[in-house]
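Topology and contacts: notes
The lines below spell out each chain.
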Amino acid sequence: MPTPARLHVAHALHEVFGEKGRVPDIWDRELGEDAHLAQALLGLCLRRWGRLQAWVKPKLKDPDRGVPLGTQVALAVGLVQLAWLPGVSDHAAVNEAVELAATRDLGFVPHKGLVNAILRRAAKDRAALAAELDALPASLDRPAAAERALRAALAPHCAESDQETLWARLQQPPRLSFRLLEGEVPEGLEPDADLPGCLRLAEGAPFPRPWLESGAGMVQDRSSQALLAYAWERPVTRILDACAAPGGKTTTLALRHPGATLTALEVHPRRVARLRQTLQQRGLTAQVIQADAAEWLETNEATFDLILLDAPCSGSGTLQKHPEWPWLVHDDLPRLTGIQRRLLSAAASRLAPGGLLIYAVCSWLPEEGEAQRDWLAAARPDLNPAEVWPASFGGPTDGEGDHTAFFRPHPLRWEGEGFQAFAVARP
Ligand SMILES: C[S@@+](CC[C@H](N)C(=O)[O-])C[C@H]1O[C@@H](n2cnc3c(N)ncnc32)[C@H](O)[C@@H]1O
């Protein structure tokens, strides 16, 4: 039986390439010390999937027929270890992958011999294997969705020739960021020079699980932290977080505006439970309501001084953290942009005089950000762009002053998820 780490990786690969589903956030929670190996293995399998398949293809008896997913998974798991994980012995890399191939639900039993033969040959010269894989075109690991996200990320900021540089950066596992919620900076974490309250994991330091479990800090991407560092001086007494789970930004809003009442909406029941748990763990109070935010806003009279609409989106800006993203099906952009507009329109109608609305998506696609800003500007000319972020967060044409109403961090110079956000204020 393969080790739990390899079994978890195989499950995750089946989820992505079989079911076309995301890798769940806590997929490796039970793995303990082996989580590091599993994370490295899964990350490499996903980030090099196209090249791994291209390398295997000419070695098959009938290259055009291909092989079942179980065989692809077993081979990928074995090859990645042989090529790029020098700490794993030849024996462990080959035998465990062969056992994986022989596992009924995750492998493809008739191809046990084939997997064994290919991996044994590859194990004879691991450096040559790595060189052959690295020499294959990087574009093989970049299906159309990834190409599109890259072009969108670069368009406002840099030349298309920067595509390879950006792709290479996105292929590195992201360096984790945390938010200090209370107390001192714990050992192993370092303050981020550019973002007050943001902490980074020090080189070689262990994941700060006890500190996170104590409620003194949370994992939060740098872009989310920068987004919530908006400059806004007007009084804020009623806040709405319209799409709130799992509650990272709700937490920041509650701490930034401690005197305000906070309403947090979330449509999915399971995510509502997670949101409640987040707030409870951190000792924060909010009125949590399970509802479709558009319906709720359309049928309620309440108005707010600050509305955050962290809208459901394609997630194209998260592909560094989610290397499975390029391989999933992305045919629902029109549906998503429709939902975003309905939410935007409903949120804009509940803004109190003098109030601020921040719309955000973790996406580089212009349809989900820039186009939504322009659509709202046409639909609601009574709302004014609110320049609440440093100008460096916008694109080169997004304003000439010190501040911008459009948040779109530079994909090469900014370390953090791809985001687009805009802020409008009601006079
Ligand atoms: C981008 S995530 C929000 C992340 C959250 N703001 C945070 O920082 O932790 C979008 C959330 O909106 C929820 N959602 C999607 N459609 C919604 C709707 N119509 N009404 C309310 N919530 C919705 C999703 O379930 C998801 O939890």
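A quick note: this is a predicted structure, and the numbers were derived from the prediction, not measured. (Residues numbered from 1 in each chain as written. Predicted model: local features only at pLDDT ≥ 70, side-chain atom pairs only at ≥ 80, totals over all residues. Heavy atoms only, no water.)

A short note on the side chain of Thr250
Within the secondary structure, Thr250 is located in helix H12 (residues 248–256). Leaving out residues up to four positions away in the same chain, Thr250 has contacts with Asp241, Ala244, Leu262, Ala264, Leu275 and Leu279. (Helix = DSSP H or I, 4+ residues; strand = E, 2+ residues; numbered from the N terminus. Contact = heavy atoms within 4.5 Å.)

Describing unusual backbone geometry
For the peptide bond that leads from Ala245 to Pro246, omega is 5°, which places it in the cis range. Counting through the fold element by element, Pro246 comes out in the loop between strand E5 (238–241) and H12. Of note, the phi angle at Lys20 is positive, near 60°, even though the residue is not glycine. Mapped onto the secondary structure, Lys20 falls in the loop between helix H1 (4–19) and helix H2 (35–47). Since its relative accessible area comes to 37%, Lys20 is described here as partly exposed. (Buried < 20%, exposed > 50% of the residue type's maximum accessible area, 1.4 Å probe, protein only.)

Details of the site of the ligand
Contacts to the ligand come from 18 residues, most closely from Gly248, Glu266, Arg271, Ala293 and Asp310. Interatomic distance of 2.9 Å between a backbone N/O atom of Gly248 and an oxygen atom of the ligand. Starting from 600 Å² of accessible surface for the ligand in isolation, the protein chains cover 86%. Looking at the shell around the ligand residue by residue, the classes come out as ten nonpolar, three polar and five charged. (Near = heavy atom within 4 Å. Polar contact = N/O pair within 3.5 Å; in protein donor to acceptor, adjacent residues only side chain to side chain. Areas by Shrake-Rupley, 256 points an atom, 1.4 Å probe, with all protein chains shown as cover. Nonpolar A, V, L, I, M, F, W, Y, C, P; charged D, E, K, R; others polar.)

What about the packing of helix H8 (residues 144–154) against helix H9 (residues 163–170)?
Direction vectors running N to C along H8 and H9 enclose 115°, while the axes themselves pass 10 Å from each other. Our classification of the angle between H8 and H9 gives roughly perpendicular. Like other packed secondary-structure pairs, H8 and H9 cross with a definite hand, here right-handed. Across from Ala146, Glu147, Leu150, Arg151, Ala153 and Leu154 in H8, the residues of H9 making contact are Gln163, Leu166, Trp167 and Leu170. (Axes fitted to C-alpha atoms, helices over the stretch in contact; angles between N-to-C directions. Parallel < 35°, antiparallel > 145°, perpendicular 65-115°, else oblique. Left-handed = near helix turned anticlockwise from the far one by under 90°.)

Description of helix H3 (residues 49–56)
A large share of H3 lies buried, amounting to seven of its eight residues. Taken together, the buried positions of H3 are Trp49, Gly50, Arg51, Leu52, Gln53, Trp55 and Val56. At its buried positions, H3 is contacted by H1, H2, helix H4 (69–84), helix H6 (112–123) and helix H7 (126–135).

Quick notes on the pattern of salt bridges
A complete count under the given rule lists 20 salt bridges for this structure. Linking Lys321 and Glu417 is a salt bridge whose minimum nitrogen-to-oxygen distance equals 3.1 Å. With Lys321 in the loop between strand E8 (304–310) and helix H15 (333–348) and Glu417 in the loop between strand E13 (406–407) and strand E14 (420–425), the pair connects residues that are 96 residues apart, well separated along the chain. One continuous salt-bridge network, built from bridges that share partners, spans Asp192, Asp194, Arg200, Arg222 and Glu415. (Salt bridge = Lys/Arg side-chain N within 4 Å of Asp/Glu carboxyl O.)

So, to be careful, I would describe these as geometric facts and stop short of saying anything about function.
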